Amino acid sequence: MRDFSNGHRWLSLNTATVRKQGDLTAIIDACARHGIRAIDPWRDQVAAIGLDRAVKAVRDAGLELSGYCRGGMFVADAAHRIEARDDNRRAVDEAKALGAPCVVLVAGGLPQYSRPGSAASKDIAGARAEVHDGIAEMLDYAKTANMPLAIEPLHPAYAADRACVNTTRQALDICDALNPARSGALGVALDVYHIWWDPEVLAQIARAGKERLLAFHVCDWLVPTRDILNDRGMMGDGVIDIKRLRSAVEAQGFAGYSEIEIFSNDWWSKPMDEVLQTCIARHRAIV
Ligand code: ZN
């Protein structure tokens, strides 16, 4: 496993971590101040300053990307399916312009939450079938752009409203079905917040192998968790054995960024520089 204790060369900042403290330009400036070499921006943050400006800011700062957040939300009623398809194609185009190595996919849950305005449903099996078909369709488009897609399994607590792909096994089953050649066009984004509890996780990471491991996200699971979406912990403040998971992905040959992604009302209330200083210190000590 790589030694992170001496520096933060392999720290990437998911820009949602400081989304309340400034726009993407301010975040990129802060990364430069702190010697952070990579980011994973969100589409709404890119849209807020404009794609062209975002591309230029990333390029001028010499930043790499560790992903692009996010595509997906495949589950929709018939009236909203084209919207979902076109929106995902735009995500691929934006990722390409920004030089991202992959688009991170959050699959979607039930249609009324994935694509607001869709007719309500309680059919989670149907939702899962739709996710499969939606990824297949997006993959055809993404391949023409040479843009890999990374399915991020989400903790089961999000099955209804965000993602009905809830385990690494489920995500890899989709990969095997749609990309049996393991060409690198389709893989997984593994976020310790979502996978740490899974008794199968280490075996599934081994099953994934290097070709399927496209991104690795870190934060921590706080006890108690007061808000299932916006109370993620800073690494070291919770119960996740992050080093064990990083060691497992690196044993498969993953050599990319360790991306810090913290949605937290607490951390959003602190100054950007303080958050980044803490991220760097914890990356060295805990990740
Ligand atoms: Zn994540």
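Below: a short report on this structure.

Conventions used here
Residues numbered from 1 in each chain as written. Predicted model: local features only at pLDDT ≥ 70, side-chain atom pairs only at ≥ 80, totals over all residues. Heavy atoms only, no water. Pairing = 2+ DSSP bridges. Helix = DSSP H or I, 4+ residues; strand = E, 2+ residues; numbered from the N terminus. Contact = heavy atoms within 4.5 Å. Axes fitted to C-alpha atoms, helices over the stretch in contact; angles between N-to-C directions. Donors = N, O, S within 2.8 Å, 3.2 Å for Na, K, Ca; no water. Tetrahedral: all angles 85-135°; square planar, octahedral: opposite > 155°, others 65-115°. Buried < 20%, exposed > 50% of the residue type's maximum accessible area, 1.4 Å probe, protein only. Right-handed = clockwise from strand over helix to strand, strands pointing away. Core = buried A, V, L, I, M, F, W, Y, C linked by side-chain atoms within 4.5 Å. Salt bridge = Lys/Arg side-chain N within 4 Å of Asp/Glu carboxyl O.

## Digging into the sheet that holds strand 8 (residues 213-218)
- Strand order in the open sheet formed by 9 strands is 3-2-1-9-8-7-6-5-4, with parallel pairing between adjacent strands. If you trace the sheet from one side to the other, it starts and ends with strand 3 (64-65) and strand 4 (68-72), each paired once.
- Docked against the sheet, helix 7 (residues 168-178) engages strand 6 (149-151) and strand 7 (186-191), running at close to 170° with respect to strand 7.

## With respect to the coordination of the zinc ion
- In this structure, E152 (OE), D191 (OD), H217 (ND1) and E261 (OE) serve as the protein donors to the zinc ion, at separations of 2.0 to 2.2 Å.
- Viewed at the metal, the 4 donor atoms of the zinc ion are separated by angles of 82 to 153°, and the geometry they form is irregular.
- Sequence spacing among the residues donating to the zinc ion works out to E-x38-D-x25-H-x43-E. A residue pair is termed long-range when its members are at least 10 positions apart, and E152 in the loop between strand 6 and helix 7 and H217 in strand 8 qualify at 65 residues.
- Residue classification places E152 among the buried positions, given a relative accessible area of 4%.
- Judged by its relative accessible area of 0%, H217 is buried.

## Let's talk about the pairing of strand 4
- Counting buried positions over the 5 residues of strand 4 gives 4, a clear majority of the element.
- Relative to strand 5 (residues 103-106), strand 4 runs parallel, the two sharing 4 bridges. Bridged to G72 within strand 5 is V106.
- In this fold, strand 4 hands off to helix 4 (residues 81-98), which returns the chain to strand 5; that crossover is right-handed.

## Regarding the nonpolar core
- One finds I39, V131, I135 and I151 to be the most contacted residues of the largest nonpolar core, which totals 84 residues.
- Discounting residues that sit within four places of it in the chain, I135 has contacts with F74, L105, I151, I174, L178 and L186.
- Core analysis: the second largest hydrophobic core is formed by 10 residues, A16, W42, C69 and A215 among them.

## Details of the pattern of salt bridges
- In total, this model carries 24 salt bridges according to the counting rule given.
- Two residues, E94 and R43, come together in a salt bridge whose shortest N-O distance is 3.0 Å. Of this pair, E94 sits in helix 4 while R43 sits in helix 2 (residues 43-49), placing them 51 residues apart in sequence.
- Between R232 and E261 there is a salt bridge, and its shortest N-O distance comes to 3.5 Å. Taken together, the residues R232 in the loop between strand 8 and helix 10 (242-251) and E261 in the loop between strand 9 (258-260) and helix 11 (265-268) connect sequence positions 29 residues apart.
- We classify R232 as buried; its relative accessible area is 3%.
- One salt-bridge network, in which partners are shared between bridges, spans R43, E83, D87, R90, E94 and R115.

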